[in-house]
Amino acid sequence: MLRVENLHKFFGANEVLKGVSLEVDKGDVVVILGPSGSGKTTLLRSINFLETAEQGTLQFDDLHIHFPEAEKKQIREVRMRTGFVFQNYNLFLNKTALANVTEGLITARKLPRAEAEQIGRAALQKVGLGDRMEYYPQQLSGGQQQRVGIARAIATNPEVIFFDEPTSALDPELIGEVLAVMKKLAREGTTMVVVTHEMSFAQSVANKVIFMAGGVVVEEGTPRQIFTAAREERTKQFLRRINREVEYII
C-alpha cells in the first residue's frame, strides 16, 4: 500500500534521517518507537510533505514519487489520501469543534457545507464528542481537543492516518480517552502509523513495531518480537529505560 525507501532528511548540516525505509500494508497499525531526536516525527512529516526530504522514494499504491522532485499535484494527492493527527492539536481557536472538522472538507475538498457538516457531525460522534460540536477549543480539555483532531482526520475517509505523539501533550488522566478512540479505529481496520511512547498501546494494538534511534531503523518486528525478544542491544537499552521510568512513576 505505502512504501518509503532510503529516505534522507537534513536540517542544515544535521542529517536527521539516514536512509530510512518503511512499508505499510492496508489494515496495519504500525507503531514507531524511539528516544527523542531519533527522527520519528520528521519521518511522518516527510512522508506527508510537511518537510522536504533530500533523498528517497514514496510508493503509494500506483503513485510513485521521488521526494525531492515531488510536484504540487502529487503532494496534494498524498494529502488527500491521508490524515494527520498532530501532537499539539493544531485547531483553529476561533472555530467550533464542528467547524474545525469541516474546514478542510469545504476549502480543500470543495464539499457543500451541508454535506461537510453531516460528515463532521458523524466524525465527532464517532470520537465521543457529539455533545461538544459547538464548543470552541478553549472550552475543551486537552483530550477532547485531540479527539477533535482525530475527528478531523477521519472525516476525510483517509487510506492511512499518521499520528504524531498524539498523547504527549496531555495530562496523564486524559491519555486514556484518546487511546480508547485510537483502539476503536484499529479494531475497525483503520490503517495507522503511530509515533508514540505508549508502550501498552504498542503491545496491545500494533501488528508491527519499529524502533528508531539516531535517524535509522534499528529493529522492527511484531510487538512480541520487539518487547520480549529484541535482537539489538540499542533496542534493549531503550526498553529497559522506559520500564524503569514506568516503575518510578508507579
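Cut-off values and rules
Residues numbered from 1 in each chain as written. Predicted model: local features only at pLDDT ≥ 70, side-chain atom pairs only at ≥ 80, totals over all residues. Heavy atoms only, no water. pLDDT = per-residue confidence, 0-100. Helix = DSSP H or I, 4+ residues; strand = E, 2+ residues; numbered from the N terminus. Salt bridge = Lys/Arg side-chain N within 4 Å of Asp/Glu carboxyl O. Buried < 20%, exposed > 50% of the residue type's maximum accessible area, 1.4 Å probe, protein only. Expected span 1.5 Å × (residues − 1). Arc of directions from axis to C-beta. Contact = heavy atoms within 4.5 Å. Axes fitted to C-alpha atoms, helices over the stretch in contact; angles between N-to-C directions. Parallel < 35°, antiparallel > 145°, perpendicular 65-115°, else oblique. Left-handed = near helix turned anticlockwise from the far one by under 90°. Nonpolar A, V, L, I, M, F, W, Y, C, P; charged D, E, K, R; others polar.

This paragraph deals with the confidence of the model for the protein chain. Of the residues in the protein chain, 97% have a pLDDT of 70 or more, and the chain-wide mean is 94. Ranking the elements of the protein chain by mean pLDDT puts helix α9 (residues 233-249) last, at 76, and strand β8 (residues 192-195) first, at 98.

It is possible for side chains of opposite charge to pair when their charged atoms get near one another. Taken as a whole, this structure holds 12 salt bridges when the rule is applied. Note that Asp61 and Arg81 form a salt bridge whose closest N and O atoms lie 2.8 Å from each other. Of the two residues, Asp61 sits in the loop between β4 (55-60) and β5 (63-66) while Arg81 sits in the loop between α2 (72-80) and β6 (82-85), which places them 20 residues apart along the sequence. Here Arg81 and Glu159 are joined by a salt bridge, their closest N and O atoms 2.8 Å apart. Here Arg81 is found in the loop between α2 and β6, whereas its partner Glu159 is found in the loop between α5 (142-154) and β7 (160-164), with 78 residues between them in sequence. Classification of Glu159 as partly exposed rests on a relative accessible area of 30%.

Turning to helix α6 (residues 172-187), a few remarks are in order. For α6, which comprises 16 residues, the first-to-last C-alpha distance of 24 Å matches the rise-based estimate of 22 Å (1.5 Å per residue) to within 8%. Of all the residues in α6, the buried ones are Leu174, Ile175, Val178, Leu179, Val181, Met182, Leu185 and Ala186. Looking straight down α6, one finds its buried side chains confined to an arc of 155 degrees; they lie on one side. Exposed and facing more than 90 degrees away from the buried side of α6 are Glu173 and Arg187. Where α6 is buried, its residues touch β3 (29-33), α4 (113-126), α5, β7, β8 and α7 (199-205).

With that settled, the discussion passes to the environment of Val31. For Val31, the location among the structural elements is in strand β3. Classification of Val31 as buried rests on a relative accessible area of 0%. Apart from residues no more than four positions distant in its own chain, Val31 is found in contact with Val194, Thr196, Phe201, Ala202, Ala206, Lys208, Val209 and Ile210.

Glancing now at the environment of Leu98. Relative to the elements of secondary structure, Leu98 occurs in helix α3 (residues 97-107). Between the C-alpha atom of Leu98 and that of Met133, which follows or precedes it by 35 residues, the distance is 5.0 Å. Once you skip the residues sitting within four places of it in the chain, Leu98 turns out to touch Glu117, Gly120, Arg121, Leu124, Met133 and Glu134.

The packing of two helices is summarised by the inter-axis angle and the distance between the axes. Interaxial distance between α3 and α4 falls to 9 Å at its minimum, and their mutual angle equals 130 degrees. In terms of orientation, α3 lies oblique with respect to α4. Both α3 and α4 take part in a crossing whose hand is right-handed. Contacts between α3 and α4 involve Ala97, Leu98, Val101, Thr102, Leu105 and Ile106 on the former and, on the latter, Arg113, Ala116, Glu117, Ile119, Gly120, Arg121, Ala123 and Leu124. Looking at the contact of α3 with α4 residue by residue, the classes come out as 9 nonpolar, 2 polar and 3 charged.

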